[in-house]
Every structure is written in structure tokens, then in C-alpha cells.
Amino acid sequence: MFIRKVISSLIKNSRGERTVQIELITYEGKFKASAPSGKSKGKHEVQSYNPKGIERSMKLLKVFCKRLENRNFMIRKIDDLKQLVELVRRFEMKYGRLGGNVTYAFESVFLKAAAADNNKELWEFINDEVNKGLKPKMPMPVGNCIGGGLHSKLVKGKRPDFQEFLLIPKEKTFSKAVTVNLRAQEYARRLLKARSRNDENAWKTNKTNEEVLEILKIVAKKYKLRIGLDVAASTFYEDGYYKYKNKNLIRDKVDQSDYIERLIKKYRIFYVEDGMHEEDFSGFKEILNTSKKNKLKTLIVGDDLTTTNLRLVRRAVNGEAINAMIIKPNQIGSIIEVRNVVNFCKKNKIVMIFSHRSGETMDDVLADYCVGFGGQFLKTGIFGRERLIKLKRVMDVEKRET
Ligand code: 2PG
Ligand code: MG
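Residues numbered from 1 in each chain as written. Chains lettered and ligands numbered in written order. Predicted model: local features only at pLDDT ≥ 70, side-chain atom pairs only at ≥ 80, totals over all residues. Heavy atoms only, no water.

**Student:** Looking at this structure, I do not really get the overall build of the protein. What am I missing?
**Tutor:** Summing up its helical and strand segments, the protein has 14 helices and 14 strands in all. For 402 residues, the compact-globule estimate of 2.2 N^0.38 gives 21 Å, and the protein sits close to it at 21 Å. For the C-alpha atoms alone, the extent of the protein along its principal axes is close to 60 × 45 × 45 Å. Per-residue burial for the protein yields a buried fraction of 60% across its 402 residues. (Helix = DSSP H or I, 4+ residues; strand = E, 2+ residues; numbered from the N terminus. Rg over C-alpha atoms; globule rule 2.2 N^0.38 Å. Buried < 20%, exposed > 50% of the residue type's maximum accessible area, 1.4 Å probe, protein only.)

Structure below.
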């Protein structure tokens, strides 16, 4: 793969924030990749940009891009990205950090070009099963239907404390599942009398967590859907307590896990992400244990707890704190690391949910990572062009491959 030109630029994400885009020009064509940005970020995520800010990263990036021109890279598998990683490492030692969002966009664009160079689709290029002659498995979508927390502005002074109320279809095909989620979200709007959408295009409301769950129960029944929650508990955790603003009450650690366990039982919740504070491994373990004791197969999902970081994933899995986890490549800023986490999850039967960020771009590469790495779920919203483009990419692969 011969690099003719590399162009870095600033673009806006779905929230109107600045983010990085990298364009790579080779003899095979032009390839683009960009990075999304989170608002409810995990404490242990890598820094998105240089400590001095995005401008500093962009300045350094210009210099780095120039140095890549007229170079040849042999990329036949993910590990071959190490050539690029090594160049980044040496550059950063001398000039300062580029940041996780920059390295993520770089690795993505390199993989896109490498896949084309090898006459493959990106999902195919990274998928070991296909290389063994097996068909790829399609994920199920996890869709954000109603929102609260940091992603939603207040409605008449209030919002639910939980960040995301999710719908999870169980259909034969991904495309049917996407259609069901769209219909269900429209039905939820009518029941809620919602008027506007939040950062991830979920409905905004002033209702409490339980009031929203009551509505979701009706929606889920009508469309045969499973209910999920992203509690994003760290976003309302302060000095050892969970501070619920909507109802104006405070829960300690024990109250919090009891509360989540009660909700799981009452609403038959299938999926709970970040039900406890991001450093509370034992709290996660307590919820997982209770769910098992009650013979419920609830997915207890780590996101801020694990931040796609193998060290934290190991701790969570070995400590039996989770049975599922969110994979957000830009939390760790390296696709090689993502692959290592994926292998660990597969070995330990941990369910993988590939996830968007609340500030998204028009890059659909997440869909390729999900299908290619064999993720069981793709969490990327129900509506909005940045979300739909990723859903559509999986639908296209499904149409061609199954
Ligand atoms: C989450 C994500 C995406 P953010 O908490 O799971 O929904 O939010 O991108 O703001 O971290
Ligand atoms: Mg989350």
C-alpha cells in the first residue's frame, strides 16, 4: 500500500463539536475515517487529544501526515498496523501526544485502505471466521429510545436520571430488527407525548425512571422487544452516593444495587449497562450474582467500568462483575487493543456490544468492526443520519452475505 497523500482536517460531529478526520490517498483510491466523541466518558479512557487541546493535536498531525507520504506499508492483517503504531510512538516521544481520537481515526483509515488493497471489505479483512470459510454472524441492534442524564437537556426542569432506555429486538434478521425499533420508537413518542430528541436522537422527557419504564413495558410488549438500560451511574455519583435529582433522593451503594435488582425483576430488564459507579467492581458483581440467583439471564454490561481496556476487562471478568461489555474503539484508541479485548471476551464467553458515542460522525466503520469481530450487539441509536448510516452498513452486509 503506497501512501500518496494524507490530509487531516477538523469536522463537526452530530453535537456540533470539533473532531478529527483523516483522508488517505493511495493508488487504490481515497479513504476517509473520523472519530466520535463521548460526553459521559469513563475515567480510565485514553485522552482524546493532546493535553493542550485539539488544536495542538491538529498541528502535530499536519507534521505527522507529511512524514507518511511516499511510504509503503504492507498490511495483510491487523497486527501489521504495528508499523504505524511504532511511527506514532516515536513521533509522540519527540513532539507530544496526538491523542486516542487521532490514533483511532488513523488506524481506521489505514485498515480501510488495507482492506481495499487486499480486495476485501473491512469487516471481512478482520474476520477470522470468514477466512476459515464460515459466514459472518449478524448482530442485533441495541436502540436508544428514550433518554435522560448527561445526553438530555431538561424538560420543564426535569429529566430521567438514567441516561438511556434501550430497545433490543430479537428478530431473524438485522434489517427486520431495525424496522421494528423505528416503529417502536414512534409508538413510544405517542405514549410519552414527546416533542424533541436528545444527543443520540432518543426522546426527551421530564418523567422519572420508573414512569419511563412503565411506558417502555407497553412498547416492548407490543413489538416483542427486550428492555435495556444504560444507567451511566457514575454521572450522578458524588462522594459515595447516587444523587437522583428527578425525585430528589439519595441512595448509598447498597440501596443502589438493591434498586437496580428490583427494576430488573419488575420490568424483566434484559440488559443493564453501568448500573454502578465506574470503579465499583463489587457492586457490579452483586447485581450479576442476584440476577443469576433469580435465574434471570440479564446482561450485566461494563462500559465506564471497563473502557475497552484489557487490564480492566480482565479484572471485571476474573472478578465475575460482568457477563457483557461495551466496546468503543476510541476509548482505548487502538484497534490492536480492541482485537485483544475481543479475543479475551470470546475466550471467556463475554457478550460484546460494539457502541457508538453520543457525538457521532458519518463514518460507518463501527458496523464493520462489529460484524468483523463478531459482536453480538451493535448499540448505535435508532434514528438520525449518523446512527442510520451504521445500521444501513450492517443491513447491506446482511443482504449480500446471508
Ligand atoms: C455511553 C455512550 C454512548 P458517551 O455511555 O454508552 O451511548 O455515551 O458517548 O457520551 O460516552
Ligand atoms: Mg454507557
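Moving on from the coordinates now.
**Student:** In this structure, what is going on with the domain arrangement of the protein? I would like to understand it.
**Tutor:** Many descriptions give the size of an interface as the accessible area lost when the pieces come together. According to the domain assignment, the protein contains domain 1 (3–119) and domain 2 (130–401). Domain 1 and domain 2 are separated by 27 Å when their C-alpha centres are compared. Across the boundary between the two partners, domain 1 contributes 33 residues, which contact 31 residues of domain 2. The contact between domain 1 and domain 2 buries some 2,700 Å² in all, and 51% of this surface belongs to carbon and sulfur atoms. On the domain 1 side of the interface with domain 2, the three residues burying the most area are Ser40, His44 and Tyr104, jointly 23% of the side's total. Across the domain 1-domain 2 interface, the total number found is six salt bridges. Among the ionic pairs, Asp363 bridges to Lys112, the shortest N-O distance being 2.8 Å. At the surface where domain 1 touches domain 2, the tally comes to 24 residue pairs in polar contact (both at pLDDT 80 or more). (Domains from an automatic or database assignment. Contact = heavy atoms within 4.5 Å. Buried area = accessible area lost by both parts, 1.4 Å probe. Salt bridge = Lys/Arg side-chain N within 4 Å of Asp/Glu carboxyl O. Polar contact = N/O pair within 3.5 Å; in protein donor to acceptor, adjacent residues only side chain to side chain.)

**Student:** When you look at the packing of helix H10 (residues 310–318) against helix H12 (residues 335–347) in this model, what are you seeing that I'm missing?
**Tutor:** Between two packed helices, what matters for the description is the angle formed by their axes and the separation of those axes. The N-to-C vectors of H10 and H12 enclose an angle of 15°; their axes lie 10 Å apart at closest approach. With respect to their mutual orientation, H10 and H12 come out roughly parallel. In this structure, H10 meets H12 at a crossing whose hand is right-handed. Residue-level inspection shows Leu310, Val313, Arg314, Val317 and Asn318 of H10 in contact with H12, the latter providing Glu337, Asn340, Val341 and Phe344. Considering only residue class, the contact of H10 with H12 consists of five nonpolar, two polar and two charged. (Axes fitted to C-alpha atoms, helices over the stretch in contact; angles between N-to-C directions. Parallel < 35°, antiparallel > 145°, perpendicular 65-115°, else oblique. Left-handed = near helix turned anticlockwise from the far one by under 90°. Nonpolar A, V, L, I, M, F, W, Y, C, P; charged D, E, K, R; others polar.)

**Student:** Would you mind showing me how to read a negative patch on the surface here?
**Tutor:** Taken together, the side chains of Asp252, Asp255, Asp258 and Glu286 define an acidic patch exposed on the protein surface. Examined against the element boundaries, Asp252 turns out to sit in the loop between strand E9 (249–251) and helix H8 (253–267). (Patch = residues over 30% accessible without salt bridge, like charges linked within 9 Å, V, L, I, M, F, W, Y side chains within 5 Å. Areas by Shrake-Rupley, 256 points an atom, 1.4 Å probe, with all protein chains shown as cover. Lys, Arg positive; Asp, Glu negative; His and termini not counted. Charge placed at Lys NZ, Arg CZ, Asp CG, Glu CD.)

**Student:** Looking at this structure, I do not really get the site of ligand 1. What am I missing?
**Tutor:** Surrounding ligand 1, one finds 15 residues, the nearest of these being Lys39, His151, Glu164, Glu200 and Ser358. Take Asp303: an N or O atom from its side chain is 3.0 Å from an oxygen atom of ligand 1. A distance of 2.8 Å separates an oxygen atom of ligand 1 from a polar atom in the side chain of Arg357. With the chains in place, 100% of the 310 Å² that ligand 1 exposes on its own is no longer accessible. When its residues are assigned to classes, the shell around ligand 1 shows no nonpolar, six polar and nine charged. Structurally, the shell around ligand 1 is a two-domain feature, drawing no fewer than three residues from each of domain 1 (3–119) and domain 2 (130–401). (Near = heavy atom within 4 Å.)

**Student:** Got a minute to help me understand the packing of helix H2 (residues 82–95) against helix H3 (residues 100–117) in this structure?
**Tutor:** One way to put it is that H2 packs onto H3 with a least axis distance of 11 Å and a crossing angle of 150°. For the element pair H2 / H3, the angle class is roughly antiparallel. Between H2 and H3 the crossing geometry is right-handed. Across from Leu84, Val85 and Val88 in H2, the residues of H3 making contact are Thr103, Phe106, Glu107 and Phe110. A class-by-class count of the residues in the contact of H2 with H3 yields five nonpolar, one polar and one charged.

**Student:** Looking at this structure, how should I read the pairing of strand E12 (residues 324–327)?
**Tutor:** For a regular strand, side chains alternate in direction, first toward one face of the sheet and then toward the other. Here E12 shows no split at all, with Ala324 and Ile326 on one side and Met325 and Ile327 on the other all buried. Pairing of strand E11 (residues 299–302) with E12 involves two bridges; the strand directions are parallel. The residue of E12 that forms the bridge with Val301 is Ala324. Following the chain from E11 across H10 to the adjacent parallel E12, one finds a crossover that is right-handed. Taken together, the four bridges between E12 and strand E13 (residues 351–355) define a ladder with parallel strand orientation. Residue Met325 lies in a different strand from E13, and its bridge partner there is Met352. (Pairing = 2+ DSSP bridges. Right-handed = clockwise from strand over helix to strand, strands pointing away.)

**Student:** Would you explain the side chain of Gln256 in this entry?
**Tutor:** With respect to the helices and strands, Gln256 occurs in helix H8. Among the residues examined, Gln256 registers a relative accessible area of 0% and is labelled buried. Here Gly275 takes part through its backbone oxygen, which lies 2.8 Å from a polar atom of the side chain of Gln256. Contacts of Gln256, omitting those with residues within four sequence positions, involve Val231, Ala233, Tyr242, Tyr244, Arg251, Gly275 and Met276.

**Student:** Please explain the sheet that holds strand E3 (residues 30–34) as it appears in this structure.
**Tutor:** The strands making up a sheet associate through backbone hydrogen bonding, with each pair oriented either parallel or antiparallel. With antiparallel pairing, the three strands of this open sheet are ordered in space as E1-E2-E3. Sheet topology places strand E1 (3–12) and E3 at the edges, where each strand pairs with a single neighbour. The sheet shows a mean angle of 20° between the axes of neighbouring strands, direction not considered. The sheet contact formed by E1 and strand E2 (residues 18–26) spans nine bridges and is antiparallel. For Lys5, the partnering residue across the bridge sits in E2 and is Ile25. Packing against the sheet, helix H1 (residues 54–68) makes contact with E1 and E2, and its axis sits at approximately 165° to E1.

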